[in-house]
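# Understanding the architecture of this molecule
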Amino acid sequence: MKEIIKEFIEASPEKMISYAQYMELALYHPEEGYYIKERQKIGKQGDFYTSSNVADVFGKLIGKWFAKNSGTLGLPSSVCEIGAGNGRFARAFIQGWNALNDKRLSYWIVEASPYHRKLQAAELDGLENVDVLHAESYEGTGMEQGLIFSNELFDAFPVHVVEKSQGVVKEVFVGHDNGQLKEIMIPVMDDRITAFLNDQEIVLAEGQRMEIPLMYEPFMKSIAEHLSKGIMVTVDYGYTKEEWMHPSRRRGSLRGYYQHQMIHDVLQHPGEMDLTSHVHFDELKSTGEKYALNFVRKMRQDEFLMAAGILDELAEHHDHNPFSEASKRNRAIRSLILPGGISQSFDVLIQAKGMGSLDEKLF
C-alpha cells in the first residue's frame, strides 16, 4: 500500500496529496484498502470494537424501538443501514423487529466492501420475515421512506487536515522523502476549507490542528434528495464546535487503530490499520438543515438506549445463575449503560425529513 501511495504522490503535479486522498487510498483502494481487504477488522482478532459487537442487545433494542414506533411515526417497514460491517447489527435489528412486529421488513444495506458483503450474507442467511437487499449507494436503494441508520460511519470519512502555524492556517499534505511518508504544510488554497471554517465560525489557535470533513455535504445532500419522508439515526463519536476548541483537542483527532492499539502517527501501516477522526456534529446538523434533513435531537448513546427501553430488557432477562445466557446478556446491557462504559463515548444524532413535529413521537 505504501508503494501505491508513493505512486500517487509522484503522479501529482505538486508531489504531494491531501490527507483526504491519503485516507481514501489507505482505507478504500480497490485492492489494498483497509476496509476492502479480506481480513478481520472488528472484535478480538481485529483492530477495534463497536457497540453492536459488544452485545447483540444494541441492535435488537433499536430494532424493537423501530418496530414499536414506525406506525406512530407513519413510516413503512423499510430500513437502510449504511456501512453494515460484519452484519451483526443487521441480524440483531431484524430479530428485534420480528419480536414485536409481524410486518415483513425491507432491510437495505449500502456497503462498499466485497469482503464485508460476504460476511453479511453469511450472518443474515436464514432470517425470516425480511427481504435483505444490497445497493452501492443510498440512491441505488430507491427507498424513499423509512429509517436510515449508521454506526461509526462518518468517523471513517476521508478528511482534510489544517493547522495554524506562524499565524497562517495551512493545509497538511502527505509527501515522501527517502522512501518515508512525511507531512508537508502550505497555506490553505482550497476555498471549500476556508468556507467550512467561516461557516462554522471556527478560529484556530496558534499550533491548533483540525480535520475538515468536506465529504459530509455531498453525502448528506444525496440522502436528502432521495428521501421524501423518514428518520436518519447516526451513532458515532465526535464533538460540537465548543468541544473542538478545548485545549486538550488542539492536535486534532485523526488516529489509527492497529491491533487494538491507538497509533498517533497515521502515516504508519497504510492499508493495515483503521483510520478515524471525530465527527463534526454541528456540521452534520447544519448540512442536514440546508437540505431539509432537519435536526430533531442529539443524545448520548446511553441516554438513547435508556429512552428506548433497555432497562426493560434487563428486568426481562433476570437470572440468578451468573453463567446463564440471561446473566451474560445482563452484563452486556450494563456495559452499555453504566458510567464509564462504551456508550458514554458515543452520541446519537437524529434528523428527519417530511415528518413535521417529531420529538414527542420518538419514544
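Each remark here, short or long, concerns the structure printed above.
Computed from a predicted model, the values in this text were never measured in an experiment.

Attention shifts here to the overall build of the protein chain. The helix and strand inventory of the protein chain stands at 14 helices and 17 strands. Over its C-alpha atoms, taken along the principal directions, the protein chain stretches across nearly 60 × 45 × 40 Å. Out of the 363 residues belonging to the protein chain, those deemed buried represent 55%. In the protein chain, the share of contacts with a sequence separation of at least 24, taken over all contacts with a separation of at least 6, comes to 76%. Approximately 16,200 Å² of the protein chain is accessible, and the part contributed by carbon and sulfur atoms is 49%. In the protein chain, which carries 39 positive and 53 negative side-chain charges, the distance between the mean positions of the two groups comes to 3 Å.

Glancing now at the side chain of H160. Looking at where H160 falls in the secondary structure, it is placed in strand 6 (residues 160–165). For H160, the side chain forms a polar contact with the side chain of E171, separated by 2.7 Å.

To continue, consider the pairing of strand 7 (residues 168–177). Successive side chains on a regular strand alternate, one facing one side of the sheet and the next facing the other. In terms of strand pairing, strand 1 (residues 17–18) meets strand 7 through two bridges, oriented antiparallel. Bridging across to strand 7, I17 finds its partner in V174. Sheet topology note: the strand 6/strand 7 ladder contains four bridges and is antiparallel. When the bridges of strand 7 are listed, K164 appears paired with V169. Count of turn residues in the strand 6/strand 7 antiparallel hairpin: two residues, of which Q166 carries a positive phi of about 55°. Bridge count between strand 7 and strand 8 (residues 180–187): eight bridges; the pairing is antiparallel. When the bridges of strand 8 are listed, D177 appears paired with Q180. Here strand 7 hands over to strand 8 after two residues, with N178 in that stretch at a positive phi of 50°.

A separate point is the sheet that holds strand 2 (residues 78–82). Strands sit in the order 4-3-2-5-10-17-16 across an open sheet of seven strands; the sheet is mixed. Of all strands in the sheet, those with a lone pairing partner are strand 4 (130–135) and strand 16 (294–300), marking the two edges. Pairs of neighbouring strands in the sheet enclose a mean axial angle of 20°, with direction left out of account. Pairing geometry for strand 2 and strand 3 (residues 105–110), over five bridges, is parallel. Bridge pairing in strand 3 links I82 to V110. Along the sheet face, helix 11 (residues 281–290) touches strand 10 (229–236), strand 16 and strand 17 (347–353) and points at about 5° away from the line of strand 17.

Let us now look at unusual backbone geometry. Most peptide bonds take the trans form, and the phi angle of most residues other than glycine is negative. A positive phi angle is found at K15, which is not glycine, with a value near 60°. Accessibility expressed as a relative area gives 41% for K15, which makes it partly exposed. Unlike most non-glycine residues, N178 shows phi in positive territory, near 50°. Residue placement: N178 occurs in the loop between strand 7 and strand 8. On the basis of relative accessibility, which here comes to 72%, the residue N178 falls in the exposed class.

Each value, and the rule that gives it
- Residues numbered from 1 in each chain as written.
- Predicted model: local features only at pLDDT ≥ 70, side-chain atom pairs only at ≥ 80, totals over all residues.
- Heavy atoms only, no water.
- Helix = DSSP H or I, 4+ residues; strand = E, 2+ residues; numbered from the N terminus.
- Buried < 20%, exposed > 50% of the residue type's maximum accessible area, 1.4 Å probe, protein only.
- Contact = heavy atoms within 4.5 Å.
- Areas by Shrake-Rupley, 256 points an atom, 1.4 Å probe, with all protein chains shown as cover.
- Lys, Arg positive; Asp, Glu negative; His and termini not counted.
- Charge placed at Lys NZ, Arg CZ, Asp CG, Glu CD.
- Polar contact = N/O pair within 3.5 Å; in protein donor to acceptor, adjacent residues only side chain to side chain.
- Pairing = 2+ DSSP bridges.
- Axes fitted to C-alpha atoms, helices over the stretch in contact; angles between N-to-C directions.

That's the geometry; what it means functionally is another story.
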